[in-house]
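What the coordinates show
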Amino acid sequence: MGPKKTKKSGGTKKGRKAEKLRLQQEEEERKRQEEEEAQLQAQEEAARLEKERMLRERMAQLEAKDQERRESELAELSSLEHKFLSAEQWKAESRANAKWEHYLCCDGSPDPAVVQEVNTFISLWCDDPNKDIQLVMEKGEEVLNLIEKLQFLLLDTPPSEMSEKAALQYQECILGLQILLHQKYNGATEELLQNADMYKDSASGNMQAVIKDRNVTFCLWANLTKHMSLPEPQSSENKDLTQLANDKVEESEEEEKKAREEPSMAAEEGECSEGRKSVLSFEENSTAEIKESEEETEKKSEALGMPSEVQDPPMLEERKEEEMVTADEICIVDLQQFFPVGGVYHIDALQLPPQVIKVKGWTMVKVLDDGLEAYPYPPGEAEDATPPPIQITLKLPDHVVYFVDPVVARWDPVGQQWRTDGIRNVVYERQKKRITFQLGTFSAVTLLQDAHLNMPYQAWELRPTGVDEALLAVTTGFATIQIQMKDNQCMLSSVVMEEEDLLSHITGKWLSPVVLRAVLKKAGVNIFPGEVSHSYVSVNKKAALAELGAYQQMALLAPAFAFAWSKWNLEASPEQVVFKVSEHLNPDSAQAWSLYLFNGQRAQKLKITESSEAFSEELEDESEFHSTLYHMLKDFASKEAMEKVERGSFLFIDVVYQLLLATRVLTYS
């Protein structure tokens, strides 16, 4: 037993030595690996520092080189920017020529630029007692043309040529013309109702009349037989109303529809014309009036200085916590967030005026000092009972677009504002282009659309299509809008929504940028942000230096280069704009897109692409800084492209700049 124990003790010692040796080797191996890792990290750090040093040196050299040539580059850009000055001079001369041509015309119409002539025109027609419907409509067309010229004058004239006082006077002239036109239409309506027997329907014995021209339609109905039920509309009237809507927009004129109804005693439901129903209750003779006027929208909002107090979510967040938002405030329409589409409908019940009596060759009629008299609804006798609501069904016009269900608003004459309360049971039938709702009382109503529902844009692209021609395509969440530009004009090329072309009545018509902007917004297509639109749309608001400078140089380069949206523009700081650029001499020679960054004072070509994983400001290899976008593109452009840029027409360049500035694609996309 003794020897066996000695052998076991010796084996244990050998095992301990082997274990100790193994641990020692592992420790040495660990230290060796740590030393190698430390050396590798040191080498990597040294390489990183060296790379950063070399990058700093390169950037310093590039910045120094950029500073050396900055003055010469800005001078060369300034010579190109004289094209904008040439465009302004040309437009000023055009305005002067327009005044001279109006003077030579000698047609008796007032010069819209001369306030005294407009005021004289208003006074003369105001004093004219003639209420003949045909004469009123003819004069109304002249008024509408004058209003259109005044509005264009306000939009087209730069502040340097028009003082604030003059602008205010023009706005007052527009308001005066709109009020006068409304009064004359009411006077003509009164005379028509006084001669109701002349328009008596042989079948029903009631007055039914549709009188129209290309600007206005009077639809009148009066219950002369004292029957309680309203008549079914005639198909001819429906056709006339539909055709009028189409004609009106093509001429960009004001439209007004008037329908007169005279229900009595019990509440009855009927139709006064296509797309309009009402449930009414009266005890005396009365008439109901429905008028539609797109010009009335601006009359009641801009000209009257209507308060805009509806609080949208971004605005509500900015309010102090202790300030409470009442239900009354929420119902007030904010006209910076919403805008009327399709005109204004005036819905009133009117007392039937005294009728004309003919005795022995004499025509006699009782003259009312106050003109048309509104019939109160609910009537005073029904104070204890709940009167039935007024149900209205409107056939929406084909010349406007509602991308989403419109919001119905009523006019509050006391507060001088649009409101959304007092309207219920709204049913919008998109396929039939019809909307039905109920009112508690008669009032003017309009259909509203969110002014920013097309913002932010999903994409945009500006590309040349010929000599001094280009196409701007803006893609929104609902449609793709394409605008063609040529010389000093532009036109709507198409509005496509779900493979359906819209607004065919205004596509293909060459207009000035100012007029096209107004026409598109009037038709319900708003891709033109306002001064406070950033409060309603979540965007990366860009600094004016970068954004405006980019629009100017993009316009200068538009004859030979295409520009497009980049997703990295949203990642860049507010002081920077990022977009894609490609040389585009003709449709078959378009080159690949490259990314460029511009901050208003420096331009650079980026190394990243649209498919990169992260945003980086790293320069493209073999590229440099430049003080202008023009010189940045010049480094990579062909000689032919730069020659084409230099030959670009100043009128074409100005139109491109105006549309870029109006759409603000670098902020709202």
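Residues numbered from 1 in each chain as written. Predicted model: local features only at pLDDT ≥ 70, side-chain atom pairs only at ≥ 80, totals over all residues. Heavy atoms only, no water.

1. What to know about the sheet that holds strand β13 (residues 423-429)
Across the sheet, three strands lie side by side as β10-β14-β13; this open sheet has antiparallel pairing. A strand with exactly one partner marks an edge of an open sheet, and here the two such strands are β10 (390-395) and β13. Averaged over all neighbouring strand pairs, the angle between strand axes comes to 15°, with direction disregarded. Bridge analysis of β10 against strand β14 (residues 434-439) gives six bridges, and the strand direction is antiparallel. Along β14, the bridge assignment pairs L394 with I435. (Pairing = 2+ DSSP bridges. Helix = DSSP H or I, 4+ residues; strand = E, 2+ residues; numbered from the N terminus. Axes fitted to C-alpha atoms, helices over the stretch in contact; angles between N-to-C directions.)

2. Topic: a positive patch on the surface
Together, K13, K14, R16 and K17 make up a region of like positive charge exposed at the surface. Assignment of secondary structure puts K17 in helix α1 (residues 2-105). Taking the relative accessible area as the measure of exposure, K17 reaches 64% and is therefore exposed. (Patch = residues over 30% accessible without salt bridge, like charges linked within 9 Å, V, L, I, M, F, W, Y side chains within 5 Å. Areas by Shrake-Rupley, 256 points an atom, 1.4 Å probe, with all protein chains shown as cover. Salt bridge = Lys/Arg side-chain N within 4 Å of Asp/Glu carboxyl O. Lys, Arg positive; Asp, Glu negative; His and termini not counted. Charge placed at Lys NZ, Arg CZ, Asp CG, Glu CD. Buried < 20%, exposed > 50% of the residue type's maximum accessible area, 1.4 Å probe, protein only.)

3. What about the pattern of salt bridges?
Tallying each qualifying case throughout the model produces 26 salt bridges. Here R32 and E29 are joined by a salt bridge, their closest N and O atoms 2.2 Å apart. Remark: E29 and R32 occur in helix α1; sequence separation between them is three residues, near one turn of the helix. Accessibility expressed as a relative area gives 33% for E29, which makes it partly exposed. Residue E469 pairs with K486 through a salt bridge whose shortest N-O separation is 3.7 Å. Here K486 lies in strand β18 (residues 480-486) and E469 lies in strand β17 (residues 469-475), a separation of 17 residues in the sequence. Sharing partners across several salt bridges, the network here consists of E27, R30 and E34.

4. So, the packing of helix α3 (residues 133-156) against helix α4 (residues 164-194)
In the contact formed by α3 and α4, the axes pass within 10 Å of each other and the chain directions differ by 165°. What the angle tells us is that α3 and α4 run roughly antiparallel. Here the hand of the crossing between α3 and α4 comes out left-handed. For the pair formed by α3 and α4, the contact residues are I133, V136, G140, V143, L144, L146, I147, L150, Q151, L153 and L154 on the first element and A167, Y170, Q171, C173, I174, L177, Q178, L181, K184, Y185, A188 and L192 on the second. In the contact of α3 with α4, the residues fall into 18 nonpolar, four polar and one charged. (Parallel < 35°, antiparallel > 145°, perpendicular 65-115°, else oblique. Left-handed = near helix turned anticlockwise from the far one by under 90°. Contact = heavy atoms within 4.5 Å. Nonpolar A, V, L, I, M, F, W, Y, C, P; charged D, E, K, R; others polar.)

5. So, the pairing of strand β16 (residues 459-466)
Of the strand pairs in this sheet, β16 and β17 are connected by seven bridges, and their pairing is antiparallel. Paired with G466 across the two strands is E469, which belongs to β17. Two elements, β16 and strand β21 (residues 561-564), share two bridges in a ladder whose sense is antiparallel. Looking at the pairing, E461 lines up with A564 of β21.

6. Observations concerning the nonpolar core
Counting 70 residues, the largest nonpolar core has L462, M485, L503, F561, F563 and F579 as its most contacted members. With eight residues, the single largest contributor to this core is helix α13 (residues 650-663). Ignoring any residue separated from it by four or fewer positions in sequence, one finds M485 in contact with L462, D468, E469, A470, L471, L472, C490, W510, F652, V655, V656 and L659. (Core = buried A, V, L, I, M, F, W, Y, C linked by side-chain atoms within 4.5 Å.)

7. Considering the sheet that holds strand β19 (residues 489-497)
With antiparallel pairing, the nine strands of this open sheet are ordered in space as β20-β19-β18-β17-β16-β21-β22-β23-β24. Looking at the sheet topology across the chains shown, the edges are occupied by β20 (500-502) and β24 (603-605). For this sheet, the mean angle separating the axes of adjacent strands, direction not counted, is 25°. Looking at chain direction, strand β22 (residues 577-583) and strand β23 (residues 594-598) are connected through five bridges and run antiparallel. Residue K580 lies in a different strand from β23, and its bridge partner there is L595.

8. Structural notes on the environment of K522
Along the chain, the position of K522 falls in helix α9 (residues 513-522). In the structure, K522 is positioned 123 residues away from H399 in sequence and 9.5 Å away in space, judged by C-alpha atoms.

9. Topic: a nonpolar patch on the surface
Together, I357, V359, W362 and M364 make up a nonpolar patch on the protein surface, roughly 440 Å² of accessible area in all. Put simply, the parts of the chain that give the nonpolar patch at least two residues each are β8 (357-359) and β9 (362-364). Along the chain, M364 falls in strand β9.

10. What to know about the pairing of β13
As judged from the five bridges shared by β13 and β14, these two strands associate in the antiparallel manner. Looking at the pairing, R424 lines up with Q438 of β14.

11. Some details on helix α12 (residues 639-646)
Those residues of α12 that sit buried are A641, M642, K644 and V645. The arc enclosing the buried residues of α12, seen along the axis, measures out at 155°, which places them on a common side. Residues of α12 that are exposed and point more than 90 degrees away from the buried face comprise K639 and E640. (Arc of directions from axis to C-beta.)

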